[in-house]
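Now for the letters of each chain:
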Amino acid sequence: MTRFQDAGVLAGLALVALLFGILIGPQFFSPANLELMARQTAIVCVAALGMTMVIVAGGIDLSVGSVIALSTVVTAQLLRGGSWPLVAAAGAIAAGAVCGLMNGVLITGLRVVPFIITLGTMLLIRGGAKGLADERRLEAPFTWLNSMLRTVRDGSGVLLPWGLWVVIALAVLVAITLQFTRFGRHLFAIGSSERTARLCGVRVERCKIAVYTIAGAFAGLAGVLEFSRLSVGDPTVANGAELGVIAAVIIGGGSLSGGKGTVVGTIAGAGIMTLIQIGCSQHGLPNWVQEIVTGTIIVFAVALDHFRSRISR
Amino acid sequence: MVETVAPPSRRFGAAGAQFEMRGVRKAFGGTVALDGVDLAVGSGEVCALVGQNGAGKSTLMSILAGATMPDAGVMTLDGARYAPRSPREARTAGVAMIYQDLSLAPHLSVMENIALGVEPKRPGVLGASGIVDRDVMRRTARAALEQLGHSDISVDAPVGQLAPAAQQLVEIARALASGCRVLVLDEPTSSLAHADVRKLFELIRRLQRQGIAIVYISHFIEEVTQVSDRFVVLRDGRNAGEGITSQTTADRIVTMMVGRTLEDLYPRGRRLIGDPLLEVEGLAPDRLVPASLTLHRGEIFGIAGLLGAGRTRLLRGLFGLDAVRSGEVKLGVYKGPAAPSAWWNHGMGMLSEDRTHEGLATNLSIADNMTMTRLEGPARGFFVSPSRQRERARHWIERLQIRASGPMQQVSRLSGGNQQKIALARLLHHDVDVLVLDEPTRGIDVASKAEIYKLIGELVSGEGGHPPVVSGFSRTRPQKAVLIVSSYFPELLALCDRIAVMSRGRLGPARPASEWTEHALVLEASGGSVPRRDAQRGAES
């Protein structure tokens, strides 16, 4: 079932790649271009891994964009204060986790739907980030953090920029968690039917708080990568990024009603969006065309999925 | 005023009948819900439609209300042929149905609800462009409420703020405003307080005097005897009798409802009742009288009662799914109230009555559903092995003869009987000592029912359940204990060692099943007051 679905998304990815390959030519698949795409996808991917778990559990997190911005600010502030780069990164990830914890506690404690809670915290965290940065972009000293997503040709990383290796490792970890751990299976149960999960003794509240905290930490890491790309802490960055992240999960076969979603699908979904972005710009198509194409793909990917599950029922 | 009481004969003459249904048949798939049912109600007559769950009352009424198409049969309304193709057509023809769960829009006002779907339009251009005439709407609503003798309800109040009884009035007013001549009330007292029930009965008399034909559906025999002129009994989709209410007794009506003798569906193995396993003391879930019971190893304890008596709430409180006000649940040495996770850990599992929304996560696979409470894998408690899950699921699919393509099949694709077996297999896989079963055979076919009865019997006698650890080596397994709630009394009588009846939130004393008859259970559950035979003390051991 899930494998069948993943195959569909991967076929979609191949189709889009092929299309641009024909339009642009073989140089579209040159190692340098592929690496560029991978680097572009990395940030969305990390946040989307956390979002996949949240969506599998039947939730949603609209605050990821804001958490990414907060995370860049925290990283910059810590580096300016003279912290080691590793501590700065850890601090930023912890800040993200705290934001996620707040989401989880509010959702389970107030029993308000995640959409509303995270809509609120989206503004709240964005405001906090701006306050922390004094509404400015924060310059920070140059450290190895800035080379996380640098191209291999600059001599950082093996085969791939080492920031990408982190992303790949996390993707494997999340995939294993979802398929092979009790926590992961419980997330599917909660997303598929919260009442059934409760009947079966799943500690639903605890699981939800955990999954939002993890998603927050992932968004925090996405912020560290964003900082690495920008080399400044910017509280206005990643505005609306949550929509791209959610779109990646949905194109990848995740269902907003919960109980569905895979890591492979999500990565393929993020890949499709990057391909369109880079393909369009390299083919000389204006920005508005990209947006129309991406929007169309979201609508049709989901419609196709519904249609497929209806006829096979 | 009500001189046109119908003759008790089933051959109801067309003269005087407001509506008549004759030879109505309806089958859903293989199961026949109605097998040639007749029903006729005269103008200004209250006819009670009684029967046990699954007797066909709801199907018959949904055919009358245009929500279901009959396979065969003739219906007439005011002597003219009547064949509604939708609820809307039925309503236009003058047939209105008040369901147990009211269908009102809580955020709209009383008058908007009364006019819902038939909003009066303003004259001229405004009307043509869809502008509603609120003055006409208000007048119609006021008139309808007045007809009910309830001008006290404000037509501008949002319906959601009214009490349940007032909401029901709004729904009846809506029926009147659309010019109904036949009114069907389905279990109308289920959400009403005692005083409101009396007022409802007065209202029914009032409508009766206005010449409306009323069909009154209820489980409660006492209500039937109070409110109706005539009664019609359905049993297993057929007419089982009818009569004039004032000339009969509650006892006779129950006899007609129960009818048949037990089929040989229930194999009974040897039963050895052991030590107390589960003790419930003064457990008080919301809106229930504190309840106590003791369940022994090797025993099947039944709780009989009607829908809405509070049986499910008692079980949910017991299992920690809902909060309780007070009380204690003891399972071996463990004391609750506790959350479901604790009960699973200590060897108690529950089967939900709501199979599709709570019992099973229907989007997940058979394997996931069966093993959800006990996911096994290499590192205990952390990792899960999908192949082990599938292997266990395969075992139970075979053991319970579940018709499925394999352990990875999505549960929603299976039939009700097979789904129920999966939900039950979860308790077997977990190997619980105490099985709490809420309506384990609701809505499933007879063959699956028989299999489930057999399985439950084997569990308490220590023959079924988890396979021995060493295969091929036969081993006696500990006997289990089963607490079972059902609205289907024959199965309780045949399966259980002891039965207690729950009625209107109160759990009565438990008696050995041999001291009960179906008749006595129905009477007790319906709040009837006929003296019980063998009313012995001390049955609650």
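Cut-off values and rules
- Residues numbered from 1 in each chain as written.
- Chains lettered and ligands numbered in written order.
- Predicted model: local features only at pLDDT ≥ 70, side-chain atom pairs only at ≥ 80, totals over all residues.
- Pairing = 2+ DSSP bridges.
- Helix = DSSP H or I, 4+ residues; strand = E, 2+ residues; numbered from the N terminus.
- Axes fitted to C-alpha atoms, helices over the stretch in contact; angles between N-to-C directions.
- Contact = placed C-beta atoms within 7 Å.
- Nonpolar A, V, L, I, M, F, W, Y, C, P; charged D, E, K, R; others polar.
- Domains from an automatic or database assignment.
- Expected span 1.5 Å × (residues − 1).
- Buried ≥ 20, exposed ≤ 12 C-beta atoms within 10 Å, placed from the backbone.
- Arc of directions from axis to C-beta.
- Parallel < 35°, antiparallel > 145°, perpendicular 65-115°, else oblique.

Peer 1: Looking at this structure, how should I read the sheet that holds strand S15 (residues 334-336) of chain B?
Peer 2: Backbone-to-backbone hydrogen bonds join strands into a sheet, with any given pair of strands oriented parallel or antiparallel. Residue and element names in this part refer to chain B. In spatial order, the strands read S12-S11-S14-S15; together these 4 strands make up an open sheet with antiparallel pairing. Both edges of this open sheet fall to strand S12 (291-296) and S15, since each of them pairs with a single strand only. Averaged over all neighbouring strand pairs, the angle between strand axes comes to 10°, with direction disregarded. Across 5 bridges, strand S11 (residues 276-285) lies against S12 in antiparallel orientation. Bridge pairing in S12 places Glu279 opposite Thr294. Contacts from helix H10 (residues 311-319) reach S11, S12 and strand S14 (324-331) within the one sheet, and its direction differs from that of S11 by about 115°.

Peer 1: I tried to follow the interface of chain B and chain A on my own but got confused; where do I start?
Peer 2: Size of an interface: often given as the accessible area lost when the parts come together. Taken together, the 25 residues of chain B in the interface contact 19 residues of chain A. Sorting the residues of the side of chain B that touches chain A by element identifies helix H11 (340-345) and helix H12 (355-359) of chain B as the ones contributing at least two each. Of the residues belonging to the side of chain B that touches chain A, the class tally is 14 nonpolar, 8 polar and 3 charged.

Peer 1: Just checking my understanding: could you explain the domain arrangement of chain B for this structure?
Peer 2: Residues and elements named next belong to chain B. When the domains of chain B are assigned, the result is domain 1 (17-94 + 181-258), domain 2 (105-178) and domain 3 (276-525). On a C-alpha basis, the centroid separation for the pair domain 1 and domain 3 is 35 Å. At the interface, 7 residues of domain 1 touch 8 residues of domain 3. Here the side of domain 1 that touches domain 3 is built from residues that sort into 3 nonpolar, 4 polar and no charged.

Peer 1: Honestly, helix H14 (residues 386-399) of chain B in this entry has me stumped. Any pointers?
Peer 2: Each α-helix turn comprises 3.6 residues. Residues three or four places apart therefore point the same way. Residues and elements named next belong to chain B. The first and last C-alpha atoms of H14 sit 20 Å apart over 14 residues, in line with the 20 Å expected at 1.5 Å per residue. Looking only at H14, the buried set comprises Gln389, Arg392, Ala393, Trp396 and Ile397. End-on view of H14: buried residues confined to an arc of 140°, all on one side of the axis. Turned more than 90 degrees away from the buried face of H14, the exposed residues are Ser387 and Glu398. Where H14 is buried, its residues meet helix H13 (366-371) and helix H15 (416-430). Taken from the residues just after H14, Gln401 is the one with a positive phi, measuring 50°.

Peer 1: Can you help me understand unusual backbone geometry in this one?
Peer 2: For residues other than glycine, phi is negative in most cases, and the peptide bonds are mostly trans. The residue after Gly336(B), namely Pro337(B), is reached through a cis peptide bond having omega 10°. Of note, the phi angle at Ala238(A) is positive, near 60°, even though the residue is not glycine. Looking at the secondary structure, you find Ala238(A) in the loop between strand S2 (232-233) and helix H10 (241-251). Its identity as a non-glycine residue notwithstanding, Arg287(B) has a phi of 65°, on the positive side.

Peer 1: Would you mind showing me how to read the packing of helix H3 (residues 64-80) of chain A against H10(A) here?
Peer 2: The packing of two helices is summarised by the inter-axis angle and the distance between the axes. Residue and element names in this part refer to chain A. Contact pair H3 / H10: the axes reach a minimum separation of 6 Å and the direction vectors enclose 120°. Here H3 is positioned oblique relative to H10, judged by the angle of their axes. Of H10, the residues touching H3 (which contributes Val64, Gly65 and Ile68) are Ala241, Glu242 and Val245. Taken together, the residues that form the contact of H3 with H10 break down as 4 nonpolar, 1 polar and 1 charged.

Peer 1: Would you take a moment to explain the packing of helix H2 (residues 31-56) of chain A against helix H9 (residues 204-230) of chain A for this structure?
Peer 2: Residues and elements named next belong to chain A. For the pair H2 and H9, the least separation of the axes is 8 Å and the interaxial angle reads 175°. Taken together, the axis directions place H2 and H9 in an arrangement best described as roughly antiparallel. From H2, Ala42, Ile43, Val46, Ala47, Leu49, Gly50, Met51, Met53 and Val54 reach across to H9, where they touch Val211, Tyr212, Ile214, Ala215, Phe218, Ala219, Leu221, Ala222, Leu225 and Glu226. Taken together, the residues of the contact of H2 with H9 break down into 17 nonpolar, 1 polar and 1 charged.

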